[in-house]
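Report on the structure
In case you want the letters, here they are:
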Amino acid sequence: MVEGVVAQDLDMCFQKLVMVGVGGGGKMMTNNWKDLPMELLLRILSLVDDRTVIVASGVCTGWRDAVCLGLVSLNISWCKNNMNNLLLSLAPKFTKLQTLSLRQNTPQLEDNSIEAIASWCHDLTDLDLSKSLKLTDSSLYAVAHGCPLLTKLNISGCPTFGDAALAYLTSFCKNLKSLNLCGCVKAASDRALQAIAYNCSQMQYLNLGWCDSVTDAGVTSLAFGCPDLRSLDLCGCVLITDESVIALASKCIHLRSLGLYYCQNITDKAMYSLANSRSKSSTVKHDNDLWESVKSSSTSSNSGQSRYKNDEEGLEKLNISQCTALTPPAVQAVCDSFPSLHTCAGRHSLIISGCLNLTSVHCLCALQAPRVATSNLTSHSHAH
C-alpha cells in the first residue's frame, strides 16, 4: 500500500519536473517518464532529496542503471530504522559514490554494512560514520582496504574503535586531510597520532576533542609530521602542556583555528610562542622579507597596525576558555599579533569564557569603536 502511494507521488512529481525541465513551452520527448533520457533523469534527481533518489533507483532497470552510474553523493542520516539493511541493499548498486553520510541519532549500523560499502564503493573520498556505537575495529580495517582514496573521515562519537585499527587505516588512507576523532577516547592515543603524523602528511583538519589520553608526545608528532594543519581541536585534552602549543606554533605556520578549551596546563609561555610564530614563519620564507617587515613596523606611524602583511594569514579562531592560568598581557599579545582574532560583539573568534581575569583583553577594532563613536559625536556637535 505504501509503495503504491510512493509510486503515485513519484509519478506526479516527475511529470511536473519533466515539464519544468523542458522549459514548459517544449514538447515532451516521451509519454512515459520511465523512458526519460539518462541525462534528463539525473538532472531531475539532482532536484529531489536522497530518499526519493533511492525510491527512483527501484522503479525499473534503466533508472537503476542511471542512478548507479550518476550518483556520487548520498546521505541516509534521515533513516531512523533499518539503516543497516538499507545500506546492505544499496552498496552493490551505488558503486560510484564519493560522499556518504551515515550519521545516526540512535545506533543502527553494524560491521557487515560497512564491510559491504568497503567492498563495493572504492571511490569514496568522504565518509561520515559519526555516532556509530555498534561498530568495531573490523569496520576500520575494511575501510582501510576498500576505500584508499579517502580524504575526509568522521568517526566522532565512536568510543569503541581502538588505536591499532586507526593507525592501520592511516597506513592505507594516506590522502586523509580531514579527520574527526571527537570523543574517540580509545582510538585517539599518542600511538595513533604518531601514525597519522607518519602516514598523513597532508592532514589539515583534525578534531581531538575530549580525547583525554592525548599527551604532548602525540601533539608534537602531529606538529612535525603534518605541517599543513589548518584546524586542530584539542578541547578537553587535559594532559597537554605548553610543549604542544610551542611545537604547533613553530611548525604549523598555516594554522587558522586552535581549540584549547579546558587545557588548564597551558600557561603564558604557550601564548607568547603563538604571538611570535609569524616572525618565525617569515624567517622560514625569507630572512630579507622579515628584515623589511621589522623596519617598516618600527617606522610606521600607526602603532596599532599588526605586523601581519595579510590579515588572511595566521590564527582566525582561538578557544582558550577555562584556561585559568593565562594572564591578560600574554593573551593580549596573541590578539595583537593576529588581526583576525576578535573580541568585539558579533565577531567573537577569541573565546575566553570562564576566564574572568581576561576581560581586559580586546582586539583592535573593539578599542577603535569608542574612538570612532566619540569622533562622530564631536563632529556632529561642531556642525551645529
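Scroll up to find the structure.
First things first, this report covers the structure right here in the doc. (Residues numbered from 1 in each chain as written. Predicted model: local features only at pLDDT ≥ 70, side-chain atom pairs only at ≥ 80, totals over all residues. Heavy atoms only, no water.)

Attention now moves to the overall build of the chain. A count of helices and strands for the chain gives 16 helices and 10 strands. Sorting the 384 residues of the chain into buried and exposed places 45% on the buried side. Nonlocal contacts in the chain, meaning residues at least 24 apart in sequence, comprise 79% of its contacts between residues at least 6 apart. Total accessible area on the chain stands at roughly 18,800 Å², and carbon and sulfur atoms take up 54% of it. (Helix = DSSP H or I, 4+ residues; strand = E, 2+ residues; numbered from the N terminus. Buried < 20%, exposed > 50% of the residue type's maximum accessible area, 1.4 Å probe, protein only. Contact = heavy atoms within 4.5 Å. Areas by Shrake-Rupley, 256 points an atom, 1.4 Å probe, with all protein chains shown as cover.)

On to the pattern of salt bridges, then. Tallied over the full model, the rule gives 3 salt bridges. One salt bridge connects D65 with R64, and the closest N-O pair in it is separated by 3.4 Å. You can call R64 partly exposed: its relative accessible area is 35%. Residue R191 is joined to D163 by a salt bridge in which the shortest nitrogen-to-oxygen separation is 4.0 Å. Here R191, found in helix α9 (residues 190-199), pairs with D163, found in helix α8 (residues 163-172); they are 28 residues apart in sequence, far enough to count as distant. (Salt bridge = Lys/Arg side-chain N within 4 Å of Asp/Glu carboxyl O.)

Let's shift gears to the packing of α9 against helix α10 (residues 216-225). When two helices pack together, their arrangement is given by the angle between their axes and by how far apart the axes lie. Across the interface, α9 lies against α10 with an axial gap of 8 Å and an inter-helix angle of 5°. Taken together, the axes of α9 and α10 lie roughly parallel to each other. When α9 is examined against α10, the residues D190, L193, Q194, I196 and A197 are found in contact with a partner set consisting of A217, G218, V219, S221, L222 and G225. Across the contact of α9 with α10, the residue classes tally to 6 nonpolar, 4 polar and 1 charged. (Axes fitted to C-alpha atoms, helices over the stretch in contact; angles between N-to-C directions. Parallel < 35°, antiparallel > 145°, perpendicular 65-115°, else oblique. Nonpolar A, V, L, I, M, F, W, Y, C, P; charged D, E, K, R; others polar.)

If you look at the biggest cluster of nonpolar residues, it comprises 107 residues, and the most contacted ones within it are L260, M271 and I320. Counting residues per element, this core draws most heavily on helix α15 (residues 328-337), which supplies 5 residues. For L260, the residues in contact, after removing those within four places along its chain, are L234, C235, I240, V245, M271, L318, N319, I320, S321 and C323. (Core = buried A, V, L, I, M, F, W, Y, C linked by side-chain atoms within 4.5 Å.)

Within α8 the residues assigned to the buried category are D163, A165, L166, A167, L169 and T170. On its buried side, α8 packs onto α7 (137-146), β4 (152-154) and α9.

Let's shift gears to the sheet that holds strand β1 (residues 73-75). With parallel pairing, the 10 strands of this open sheet are ordered in space as β1-β2-β3-β4-β5-β6-β7-β8-β9-β10. The strands lining the two open edges of the sheet, one partner per strand, are β1 and β10 (350-351). Here 3 bridges tie strand β6 (residues 205-207) to strand β7 (residues 231-233), and the two strands are oriented parallel to one another. Within β7, the residue paired with L206 across the bridge is L232. (Pairing = 2+ DSSP bridges.)

Time to look at the packing of aromatic side chains. In this structure the tally under the stated criterion is 4 aromatic pairs. Seen in terms of ring centroids, Y141 and Y168 are 5.0 Å apart; in terms of plane orientation they differ by 70°. Their pairing is edge-to-face. In this pair, Y141 is assigned in helix α7 and Y168 in helix α8, connecting sequence segments 27 residues apart. Owing to a relative accessible area of 32%, Y141 belongs among the partly exposed residues under this scheme. A relative accessible area of 28% places Y168 in the partly exposed class. Grouped by ring-pair contacts, the aromatic residues Y141, Y168 and F172 constitute a single cluster. (Phe/Tyr/Trp six-rings, centres within 6.5 Å; stacked < 30°, edge-to-face > 60°.)

The subject of this paragraph is helix α5 (residues 83-90). For α5, the full list of buried residues reads M83, N84, L86, L87 and L90. Summarising the axial view, the buried residues of α5 lie within an arc of 160°, below the 170-degree limit, and thus occupy one face. (Arc of directions from axis to C-beta.)

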